[in-house]
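Summary of structural features
Here's the letter readout for the chains.
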Amino acid sequence: MTATAPTPLSTRSALAAHLAVSAVALTAALLLVGCANPGPARTPLAQTTPAAAGLTATTTDVVATSQWWKALGDEQLNTLIDTALQGNPSLAVSRARLEQAVALSQVREAANGPQATLGVDATRQRYTANGLVPAPIAGNTYNSGTVQATLSWSPDFFGQHAAELQAALGQARAAQADAAAAANTLAAQVGRSYVALARLVAQRDVAQRALEQREEQRKLTQERTAAGLDSQVELTQAQAAVPDARTQIEALDEQITLGRRQLAVLTGQAPDALPQLTPRLAALQPTAVPEVLGADLLGRRPDVVAARWRVEAATQGVNSARSEFYPNINIGAFIGLNSLGLDRLFNGSSRQMGVTPALRLPIFDGGRLRAQLGGRAAELDAAIAQYNGAVLDAVKEAGDAVASIQSLTRQQALQDEAVASAEKAYRFAQERYRAGLGNYLVVLSTESQVLAQRRLAVDLRARQLDTRLVLMKALGGGWTDDTAVLHTAAAH
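Residues numbered from 1 in each chain as written. Predicted model: local features only at pLDDT ≥ 70, side-chain atom pairs only at ≥ 80, totals over all residues. Heavy atoms only, no water.

**Examining the nonpolar core**
Formed by 73 residues in total, the largest nonpolar core has its most connected members in Trp68, Val190 and Leu281. Those elements giving two or more residues to this core turn out to be α2 (75-87), α4 (160-226), α5 (232-266), α6 (297-300), α7 (302-323), α8 (368-434) and α9 (440-474). Top contributing element to this core by residue count: α4, with 15 residues. Not counting the four nearest positions on each side in its chain, leucine 281 is found in contact with Val195, Ala198, Arg199, Ala202, Val458, Arg461, Ala462 and Leu465. One finds Ala177, Ala180, Val305 and Ala306 within the second-largest nonpolar core, a separate group that totals seven residues. (Core = buried A, V, L, I, M, F, W, Y, C linked by side-chain atoms within 4.5 Å. Buried < 20%, exposed > 50% of the residue type's maximum accessible area, 1.4 Å probe, protein only. Helix = DSSP H or I, 4+ residues; strand = E, 2+ residues; numbered from the N terminus. Contact = heavy atoms within 4.5 Å.)

Set out below in structure tokens:
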């Protein structure tokens, strides 16, 4: 038999070089196959612009300030809103959601860095005499131990980790803006409920005067009937008007009680915590009204800013899903001690170490990654659509409030004229009665007209104050956008 000649060194080197080139070519081919799977880029929905929403390029000339409710000049209202912002359960839920979102972003940021672990294990084991382990270990009991440190790191060559972190931060920033929007809404709810209660109190005052007037009218009608100047028909009508007036007062008392209970719950207190609360419309001062709504409105509205951050988070979600098509590279290393028998665990010969680089590349996944990318793209379109809706709602809410206030101002001028005319007729009736030229029924009739105008005046003033509260909320409630400076603990 002829002996095979050894392979020359040059031949072995050429073979090794050929194998290396083949491995590189194969790896490159795999990369190309994996990177070709995402398909064409999808164009997301277009975001609306301030101009398209009807906003001017200038800034809003009147802007709500921090604690805007203090401009109304009612210390009782200030106390109620401060209490609500501290103790309302729904606001506590919003803050808890913010803390949860921030914590999740911190988890994501921490996961992107190198990870190190230290493990210590000890085992006492009887080894089977009929297994793969040879004698003298087989059939005997031994202690074994391991002390090992492990380090792992996944380099972010294709931006997946950065996209995931930015998506988590976007959600945390949206939650931060949501918490501000909840506080703004709560302050407006307390203010509007306070104005509604003040309106009921003012209406009760008018109703009380109406009751007194009807009692006077009944008494006078009784006297006229006894003197033969009126019939039983007029007397029956005058008597029926009294319980009707008392029914109106009782209905207002019920609404006042319910209004107090609502305010107590809004401020985080027991429903019966405010039994004596009696706000007055006259104590509330109207606030200024803007003539122009500028593009800066969108940056002052926390709900719009929250929607914008959700668009950013969804955009990063698309980037993260697209990066799934690229290789995932992990680098690991370990060093430690391992021995059979704890007495030899810390001997130099018990040391072990190694590196574990790994590369994962999707090639055939049944369309899973492409479907996942499509789902993220749909989420982005939904987030953009919600943002566009939030912009339009914000502009409409603010514009409606401004239009209503302008109309109410004109109505107030007309109402003032009507009140002046009714009061003038009432004064004339009183003067004629004192001069003996008329009877007191005419006086009471003209006073009824005055009371009716006063009811309308109460409703009109309450609407003016309520609409201004709506406007302050629509202008962002004095909120300043601080979401962009949100950092996780790891960043510090």
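**Things to note about α4**
For α4, with 67 residues, the first-to-last C-alpha span of 97 Å sits near the 99 Å given by 1.5 Å per residue. Just beyond α4, the residue with positive phi is glycine 228, at close to 80°. (Expected span 1.5 Å × (residues − 1).)

**Let's talk about the packing of aromatic side chains**
Taken as a whole, this structure holds three aromatic pairs when the rule is applied. With centroids separated by 5.6 Å and ring planes inclined at 80°, the aromatic side chains of tryptophan 68 and tryptophan 69 adopt a geometry described as edge-to-face. Comparing tryptophan 68 with tryptophan 69, the two get one shared label, buried. Lying over the aromatic face of tryptophan 309, arginine 173 brings its terminal NZ or CZ to 4.9 Å of the ring centre. (Phe/Tyr/Trp six-rings, centres within 6.5 Å; stacked < 30°, edge-to-face > 60°. Lys NZ or Arg CZ within 6 Å of the ring centre and 35° of its normal.)

Everything listed here is a matter of geometry and, on its own, says nothing about what the molecule does.
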